[in-house]
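Residues per chain, in single letters:
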Amino acid sequence: MGKSRRRRSNNRWYRRHRSSQDDGSSNLSEVEMILVEKFLSGYRSLAYDICYRRNSGNQSLDTKPWIIGEHTFPSLTEEFCSRPYIDLPHTLSAKDRRKIHSLCALTMDLYHAGVGQKSKRRIVVSIYADGFRFIPDEDLESSSLCSNNATSRFPHKMCTPWYYLDTNKNAMRLVEIEEEKKLIHQFVKYPEQSLITKSYESLVLAETLDLSNLPSVDQTPYDIVDTVDKLRLCIEELKHGVGYDAYTNNLTTTLHELAFDMEMHNQNNTVRTCLIQITANTVQKDYIIDPLAHGMWESIRIHLGPLFSDPSILKIGHGIGGMDCSSLHRDFGILVVNAFDTCEASAIIRQSKGGMNLATLCGHYNLPACEHYRNLKDRFQTANWCQRPLPIEALEYGRYDVRYLITLKKLLTKNLLKLDMVAGVLNDVSEYDSTSVSERINTDETGEHFISSSSEWSSSISDLSVGIDKVRTEAIITVSDLPCFEKLMKTISISQKRCLKLWNGKGEESESILRNQSFTSLVKQSASVEKRCGVWTEQNTKLYKKLADWRAIVAERENIDVSDVCSLDMLVYVAYKSPKNRSELRRFDYSLPSLIDDKSLPYFDEIKAIVASFKMPNLDDERRDVVFYTSSAKIKETIETCFGRKEGKLMIATTVVCIIAINIMTRKKQ
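Residues numbered from 1 in each chain as written. Predicted model: local features only at pLDDT ≥ 70, side-chain atom pairs only at ≥ 80, totals over all residues. Heavy atoms only, no water.

### Observations regarding the overall build of the protein chain
In plain terms, the rule: Every helix listed is a DSSP run of H or I at least four residues long, and every strand listed is a run of E at least two residues long, numbered separately from the N terminus. Between buried and exposed lies partly exposed: a residue is buried under 20% and exposed over 50% of the maximum accessible area for its type, with that area taken using a 1.4 Å probe on protein chains only. Contact criterion: two residues are considered in contact whenever any of their non-hydrogen atoms come within 4.5 Å of each other. Throughout, the Shrake-Rupley method with a 1.4 Å probe supplies accessible areas, and for residues the shown protein chains are the sole cover considered.
A tally of regular secondary structure across the protein chain gives 27 helices and 15 strands. Counting all 670 residues of the protein chain, 51% fall into the buried class. Considering only residue pairs separated by 6 or more positions, the protein chain has 75% of its internal contacts joining residues 24 or more positions apart. Summed over its atoms, the accessible surface of the protein chain is roughly 32,000 Å², and 52% of this surface lies on carbon and sulfur atoms.

### Let's talk about the sheet that holds strand S11 (residues 314–317)
Here is the rule we go by: Strands are labelled as partners when DSSP assigns at least two bridges between them. To get an axis, a line is fitted to the C-alpha atoms, and for a helix only the part in contact is used. The angle between two axes follows their N-to-C directions and goes from 0 to 180 degrees.
Ordered in space as S7-S10-S9-S8-S11-S12, the 6 strands form an open sheet in which the pairing is mixed. Bordering the open sheet on either side are strand S7 (222–225) and strand S12 (339–341), each of which pairs with just one other strand. Going across the sheet, the axis of each strand differs from the next one's by a mean of 25°, ignoring polarity. Bridge count for strand S8 (residues 257–267) against S11 is 3 bridges, and the pairing is parallel. In the sheet register, Glu257 faces S11, and the bridge partner there is Leu314. Strand contacts of helix H7 (residues 228–240): S7, S8, strand S9 (270–280) and strand S10 (286–289), with the helix running at about 140° to S7, the strand carrying the most contacts. Of the strands in this sheet, S8 and S9 are in contact with helix H10 (residues 324–332), which crosses S9 at around 110°.

### Concerning the sheet that holds strand S3 (residues 86–87)
In space, the 3 strands of this open sheet follow the order S3-S5-S4, with antiparallel pairing throughout. Here the strands that pair on one side only, and so sit at the sheet edges, are S3 and strand S4 (111–115). Pairing of S4 with strand S5 (residues 122–126) involves 5 bridges; the strand directions are antiparallel. Note on S5: the bridge partner recorded for Tyr111 is Ser126.

### Here's the deal with the pairing of S10
In summary, the side chains of a regular strand alternate between the two faces of the sheet. Residues of S10 alternate between two faces, with Asp286 and Ile288 on one and Tyr287 and Ile289 on the opposite face, all of them buried. Of the pairings in the sheet, the one linking S7 to S10 comprises 4 bridges and is parallel in character. Residue pairing for S10: Ile224 is matched across the bridge by Ile288. With 3 bridges joining them, S9 and S10 adopt antiparallel strand pairing. Within S10, the residue paired with Gln277 across the bridge is Ile288. Between S9 and the antiparallel strand that follows it, S10, lie 5 residues.

### Remarks on the environment of Val225
Structurally, Val225 is set in strand S7. Take Val225: its relative accessible area is 2%, and that puts it in the buried class. Sequence separation of Val225 and Tyr287 is 62 residues, and the distance between their C-alpha atoms is 6.7 Å. Apart from the residues lying within four places of it in its own chain, the contact partners of Val225 are Lys230, Leu231, Cys234, Tyr287, Ile288, Ile289, Asp290 and Met296.

### Some details on the pairing of S8
S8 sits mainly inside the fold: 10 of its 11 residues count as buried. The sheet contact formed by S8 and S9 spans 10 bridges and is antiparallel. Bridging across to S9, Asp261 finds its partner in Gln277.

### Examining a nonpolar patch on the surface
The condition is simple: Patch membership requires over 30% relative accessible area and the absence of a salt bridge. Like charges are linked within 9 Å, and nonpolar side chains (Val, Leu, Ile, Met, Phe, Trp, Tyr) within 5 Å. Salt bridge, as used here, is a side-chain nitrogen of Lys or Arg placed within 4 Å of a carboxyl oxygen of Asp or Glu.
A cluster of nonpolar side chains, Tyr222, Ile224 and Ile392, forms an exposed patch at the surface whose accessible area comes to about 260 Å². Judged by relative accessible area, which is 37%, Ile224 ranks as partly exposed.

### Re the side chain of Glu237
When you line up the elements, Glu237 lands in helix H7. Among all residues touching Glu237, those that are not within four sequence positions of it are Asp223, Val242, Thr282, Val283, Lys285 and Tyr287.

### Regarding the environment of Ala293
Tracing the chain through its elements places Ala293 in the loop between S10 and helix H8 (296–303). A residue is classified by how much of its surface remains accessible, and Ala293, at 13% relative accessible area, is buried. Sequence separation between Ala293 and Cys274 is 19 residues; the distance between their C-alpha atoms is 9.7 Å. Not counting residues within four places of it along the chain, the set of residues in contact with Ala293 comprises Met158 and Asp226.

### Description of the pattern of salt bridges
Applying the stated rule across the entire model yields 22 salt bridges. The residue Glu257 makes a salt bridge to Lys409 at a minimum N-O spacing of 3.5 Å. Highlighted residues: Glu257 in strand S8 and Lys409 in helix H15 (residues 405–424), separated in sequence by 152 residues. With relative accessibility at 9%, the residue Glu257 sits in the buried group. By relative accessible area, Lys409 is classed as buried at 4%. Between Arg403 and Asp286 there is a salt bridge whose closest N-O contact spans 2.8 Å. Taken together, the residues span a long stretch of sequence, with Arg403 in helix H14 (residues 392–403) and Asp286 in strand S10 at a distance of 117 residues. Look at the salt bridges and you will find they share partners, linking Arg173, Glu176 and Glu180 into a network.

### So, the confidence of the model for the protein chain
Put simply, the rule is: Each residue carries a pLDDT value, the predictor's own confidence for that position, ranging from 0 to 100.
Within the protein chain, residue pLDDT values average 80, and 74% of them lie at 70 or more. Within the model, the stretch residues 425–454 combines pLDDT values under 50 with 66 contacts to residues more than four positions away or in other chains.

### Thoughts on the environment of Asp625
The topology assignment puts Asp625 in the loop between helix H25 (603–613) and helix H26 (631–643). You can call Asp625 partly exposed: its relative accessible area is 35%. Put simply, Asp625 and Glu584 are 41 residues apart on the chain and 8.3 Å apart in space, counted from C-alpha to C-alpha.

### Things to note about the packing of helix H20 (residues 538–558) against helix H22 (residues 568–577)
Our working definition: Should an angle lie under 35 degrees it is considered roughly parallel, over 145 roughly antiparallel, and from 65 to 115 roughly perpendicular; all remaining angles are considered oblique. Less than a right angle of anticlockwise turn of the near helix away from the far helix marks a crossing as left-handed, whereas a clockwise turn marks it as right-handed. Charged residues are taken to be Asp, Glu, Lys and Arg, nonpolar residues to be Ala, Val, Leu, Ile, Met, Phe, Trp, Tyr, Cys and Pro, and polar residues to be all remaining types, Gly included.
The N-to-C vectors of H20 and H22 enclose an angle of 135°; their axes lie 9 Å apart at closest approach. Comparing their axes, H22 and H20 come out oblique. You can see that H20 and H22 cross each other, and the crossing is right-handed. The residues of H22 that touch H20, namely those facing Asn540, Leu543, Tyr544, Leu547, Ala548 and Arg551, are Leu568, Leu571, Val572, Val574, Ala575 and Tyr576. When the residues that make up the contact of H20 with H22 are grouped by side-chain class, the tally is 10 nonpolar, 1 polar and 1 charged.

### Thoughts on the side chain of Glu344
Among the secondary structure elements, Glu344 is positioned in helix H11 (residues 342–350). Contact partners of Glu344, with chain neighbours within four places excluded, come to Ile494, Ser495 and Arg498.

### Some thoughts on the packing of helix H13 (residues 370–380) against H14
For the pair H13 and H14, the least separation of the axes is 9 Å and the interaxial angle reads 115°. When you trace H13 past H14, the crossing you get is left-handed. Judged by residue contacts, His372, Tyr373, Leu376, Lys377, Arg379 and Phe380 of H13 engage Glu393, Ala394, Glu396, Tyr397, Tyr400 and Asp401 from H14. Grouping the amino acids of the contact of H13 with H14 by side-chain chemistry returns 6 nonpolar, 1 polar and 5 charged.

Written out as structure tokens, the structure reads:
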């Protein structure tokens, strides 16, 4: 019963968190979504008329913009529909954008993609297979469209997640993980036991400290760690400081605070680690570890893993319960033992369930470059972190995510102590009664996951001034006094609990193919009276199951996870639309999975063979025709569709040879 109640509570938090990311705009109603469909249908019809150079004189053109809900869609003029792609309003919420993506793929047969920075995220739509090539580079930075080349894809074969390796090879590590989990559970239950690290040293509450006087990111050196030798040197410098001498210096470890953050690649519901940023109390330096470099993926667990599993080293992160801990476990078999989450600390000070985002938290503590940090976050938070080389600005954003975490931990710890002392009006730390404070302070459970301004935070911090004169803030609080402070202990306990958010293997590979949301949605819509998305038959279901079996075979052949082959949603689309070439398949997702997009591999041809064996009805619809904005791309796609990939290459080569031979013969005759 308790587990079911917790699950319902987690689902409610997830819905609140998801809605809080929707840019504050209201969601479109069913009637408004029908108007959006009408708008897209009008664009598609006029764009095809222009493409085929048909007489559009009888086509009524809209000279006024479309007002749908709170959003203004552009007018469908001939000039507007002649463009290689069109932009939809950036005011649409994330939920509405997901609906429109589905509408474009399943009903409209339009190419679609999300581009732009986080604050102005928008959908681009086109009838042309090559229309998105004309999108400006600054919009592609935060888009999956830039992952269509080999240098921007995740190397699945080279970077197999630790979790999916043979368990016989990891038997020893599995035993160690169970021991580490027991230690983390112990820290959750008894947070005072985690104070073994030197990070929790004596504190003078009256000491003034903020981020304004710290060296900026520009003033701090950094290293890109992309070889195993550099990784070994990085670990030694983290332990003993820069410039240590192994022969003359005592190698007693001085490391006791390690700040970290990670950047992920998330495509087709598959999350993989692309970057690890680290700094420590022993160095005035940042380290950017590249797991995708040659030989680095396997070496990270060997060299970096012991630092994360050492309980005497406090790991400091922001929102580590999101994807950081689960990704370290899944990709490298690393557990975070003994942590302090600055996001959870800000949530407890704010007395709400959600904490502040890191840029806002830095702004509260007077970071001079806070606005620049916000701009970088807006630009690169949803960037494609697989691309190499990464832009300098992207590396700068990654460094901002770790540079100030160690100082923030100290500042937040002092504020947590002050809150407890004000609430208890303590004259002496030894007289502190944690029970009375816990009864006196109620936690608000209705807050959003993150707040974007410091107004609520400021109101909470301003309460510290009430009765602060009655508290001996100039007193030195030692480590032995810290267990008396309820809010600090609660922060530490929750932070340790976040370390237990490990990868459980229940990804898409364990999802029942008949429970897939896209599949069930199509079946329900086909059974309805409207049938706006066409008809899904039993034959489609059989084809979908056959494709799912094929996906499992390919994953075993390539020794990768099934989600790395393609998503179940893509298989539903293939079973429904029976695409004849890659250009038609891109109407589902313009950035195809690497195994299917790679023309040197046979997997797309295998998909076509499976579809052909089912003899699905041919959908002769003009809007399914693949059209190109440039003629050269059209010729190439036509040859591949008609003759196949290998035969097409042979035909092109033969044609070139024939043309050269004819020119030579002509010159000889002359």
